[in-house]
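# Structural description and commentary
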Amino acid sequence: FFTGEETYLTHKELLKRKKNFSEKYGPENVLQLSLPEYSVNAIIEQMTNTWLFSNEKLLIIQGVPGETTSPGGTSDLEEKIIQMWWSINPDYFIIFVSSKPDKRKKAYKFFSDPKNCQVKIFEHLTGPALIKHIEQEMYEYLDETHKDTRLDKDSINILIERTQSNLWLINGECQKLSY
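The following paragraphs examine the structure supplied in this document. Position numbers for residues count from 1 along each chain, tracking the sequence in the order it is written. Given that the model is predicted, a residue must reach a pLDDT of at least 70 before its local features are reported, and side-chain atom pairs must reach 80 or more before they are shown or counted; all residues, however, enter totals for whole chains, interfaces and linings. With hydrogens and water set aside, each side-chain value is computed from the structure's full complement of heavy atoms.

## Some remarks on helix H5 (residues 127-141)
A rise of 1.5 Å per residue sets the reference length of H5, with its 15 residues, at 21 Å; its end C-alpha atoms lie 22 Å apart and thus fit the reference within 8%. To sort residues, take the accessible area from a 1.4 Å probe on protein chains only and compare it with the maximum for the residue type: under 20% means buried, over 50% means exposed, and anything in between is partly exposed. Strands here mean DSSP runs of E at least two residues long; helices mean DSSP runs of H or I at least four residues long; both are numbered from the N terminus. Of the positions making up H5, those classed as buried are Leu-130, His-133, Ile-134, Glu-137 and Met-138. The arc enclosing the buried residues of H5, seen along the axis, measures out at 135°, which places them on a common side. Of the exposed residues in H5, the ones pointing more than 90 degrees away from its buried face are Pro-128 and Lys-132. Any two residues having at least one pair of non-hydrogen atoms within 4.5 Å are treated as being in contact. In this structure, the buried residues of H5 make contact with helix H1 (7-25), helix H6 (153-163) and helix H7 (167-177). The span one expects for a helix is its residue count, reduced by one, times 1.5 Å. Of all possible arcs, the one meant is that of the directions from the helix axis to the C-beta atoms.

## Regarding the sheet that holds strand E4 (residues 92-98)
Strands pair, by our definition, only if DSSP identifies at least two bridges between them. Spatially, the five strands line up as an open sheet ordered E2-E3-E4-E1-E5, and their pairing is parallel. Only two strands of the sheet have a single neighbouring strand rather than two, namely strand E2 (30-34) and strand E5 (120-121). Pairing of strand E1 (residues 2-3) with E5 involves two bridges; the strand directions are parallel. Across the sheet, the residue bridging to Phe-2 is Lys-120, located in E5.

## Some details on the nonpolar core
Soluble globular proteins tend to pack their nonpolar side chains together in the buried interior. Take the buried residues of types Ala, Val, Leu, Ile, Met, Phe, Trp, Tyr and Cys, join any two whose side-chain atoms come within 4.5 Å, and each joined set is a nonpolar core. Within the largest apolar cluster, 23 residues are counted, with the highest numbers of intra-cluster contacts made by Met-47, Leu-77, Ile-81, Trp-85, Phe-96 and Phe-111. If you list the elements that add at least two residues to this core, you get helix H2 (40-48), strand E3 (57-62), helix H3 (74-83), E4 and helix H4 (106-112). Once you skip the residues sitting within four places of it in the chain, Leu-77 turns out to touch Leu-35, Val-40, Ile-43, Ile-44 and Val-64. Tyr-8, Ile-60, Leu-125 and Met-138 belong to the second-largest nonpolar core, a separate cluster that totals 22 residues.

What follows is the structure, given as structure tokens:
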């Protein structure tokens, strides 16, 4: 269960997980599902079915547990998942993603319970953690001949100030600076 308001870090972690899983089991075994794109029954079917050619699947289910502004049907989906929890195919890796879940809901309490799910919280970065993240982003975008290039502290502080610590904007600026 991935949660937290830092959606950029959640996005990067999901990309990493999808890439690693695809390399090991094939991209056809990675599915990203959400309401209203898929019906409640279609999502439940994906979670419980077995497949002819592959046992392992990575299912990423967006918007569960639901937020206070979730689309209709989210509560139904949550209730069905909880009811059939022990019927889910054990060969499947399922990641539930909700950046701001409603913590009052039964589903949030269920998914937050360590007996049911591992929880990974993505918080906003500040201070040294933010600076380290910016340095890592820059390093990722530089080609091999420029890997030793570094931003000085003043440049990093200007970047933080102008982007208001928004990691989506910081990522875009790091891409531009790497050219």
